[in-house]
Amino acid sequence: HDRSADVLRSVTAPNLAANGLFSATEDAAAPSGKTPNFIAGDWKRLAAELKQSGLQYDVVLAAEAIYRTDMYEDLTAVLNQALKP
């Protein structure tokens, strides 16, 4: 996730590919057989998309995910929605 789809496309995906975690070609999955899911937008939008789609994950990795304390509640909602029980 990033607020910018351009960052996901031009930085995140190539970085995953360079580290062997994701194939940059449209038709190829990661070595694990799973393709990462990239979602752009703010935290509230992400929580809503996760709820609507029913997507849940075993693990959520984040770095520099939040800079403002007033966003903690929104990020908590995303994590509660995104993580499997």
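For the structure itself, consult the block above.
Fair warning: this is a prediction, and the values are worked out from it, not measured in the lab. (Residues numbered from 1 in each chain as written. Predicted model: local features only at pLDDT ≥ 70, side-chain atom pairs only at ≥ 80, totals over all residues. Heavy atoms only, no water.)

*Asks:* What is the right way to look at the nonpolar core in this model?
*Replies:* A general feature of soluble globular proteins is that nonpolar side chains tend to end up buried together. I39, W43, L46, A47, L50, L75, V78 and A82 form the largest nonpolar core, which has 8 residues in total. If you list the elements that add at least two residues to this core, you get α2 (43-53) and α3 (72-82). For this core, the leading source of residues is α2, giving 4 residues. Apart from the residues lying within four places of it in its own chain, the contact partners of A47 are A77, V78 and Q81. (Core = buried A, V, L, I, M, F, W, Y, C linked by side-chain atoms within 4.5 Å. Buried < 20%, exposed > 50% of the residue type's maximum accessible area, 1.4 Å probe, protein only. Helix = DSSP H or I, 4+ residues; strand = E, 2+ residues; numbered from the N terminus. Contact = heavy atoms within 4.5 Å.)

*Asks:* Before we go on, may I ask you to explain the pattern of salt bridges in this structure?
*Replies:* Pairs can form between side chains of opposite charge once their charged atoms are near each other. Considering all chains together, one arrives at 4 salt bridges under this definition. With a closest N to O distance of 3.4 Å, D58 and K84 form a salt bridge. Pair noted here: D58 is in the loop between α2 and α3 and K84 is in the segment after α3, with a separation of 26 residues, a long-range link. On the basis of relative accessibility, which here comes to 60%, the residue D58 falls in the exposed class. Two residues, D70 and R68, come together in a salt bridge whose shortest N-O distance is 2.8 Å. In this structure D70 comes out as partly exposed when scored by relative accessible area, which is 48%. Look at R68 and you get partly exposed, because its relative accessible area is 46%. (Salt bridge = Lys/Arg side-chain N within 4 Å of Asp/Glu carboxyl O.)

*Asks:* Whenever I open this one, the side chain of D74 confuses me. Can you help?
*Replies:* Note on placement: D74 falls in helix α3. One buried charge, D74, has no salt-bridge partner; the nearest side chain with opposite charge is K44, at 4.3 Å. Those residues in contact with D74 that lie beyond four places of it in its chain are W43 and K44. (Lys, Arg positive; Asp, Glu negative; His and termini not counted.)

*Asks:* When you look at the environment of I66 in this model, what are you seeing that I'm missing?
*Replies:* Here I66 is to be found in the loop between α2 and α3. The class for I66 is partly exposed, based on a relative accessible area of 25%. Sequence separation between I66 and W43 is 23 residues; the distance between their C-alpha atoms is 9.8 Å. In contact with I66, not counting residues within four places along its chain, are M71, Y72 and L75.

*Asks:* Sorry, what's going on with a nonpolar patch on the surface here?
*Replies:* A surface patch of nonpolar side chains, amounting to about 190 Å² of accessible area, comprises V60, L79 and L83. Inspection of the secondary structure puts L83 in the segment after α3. (Patch = residues over 30% accessible without salt bridge, like charges linked within 9 Å, V, L, I, M, F, W, Y side chains within 5 Å. Areas by Shrake-Rupley, 256 points an atom, 1.4 Å probe, with all protein chains shown as cover.)

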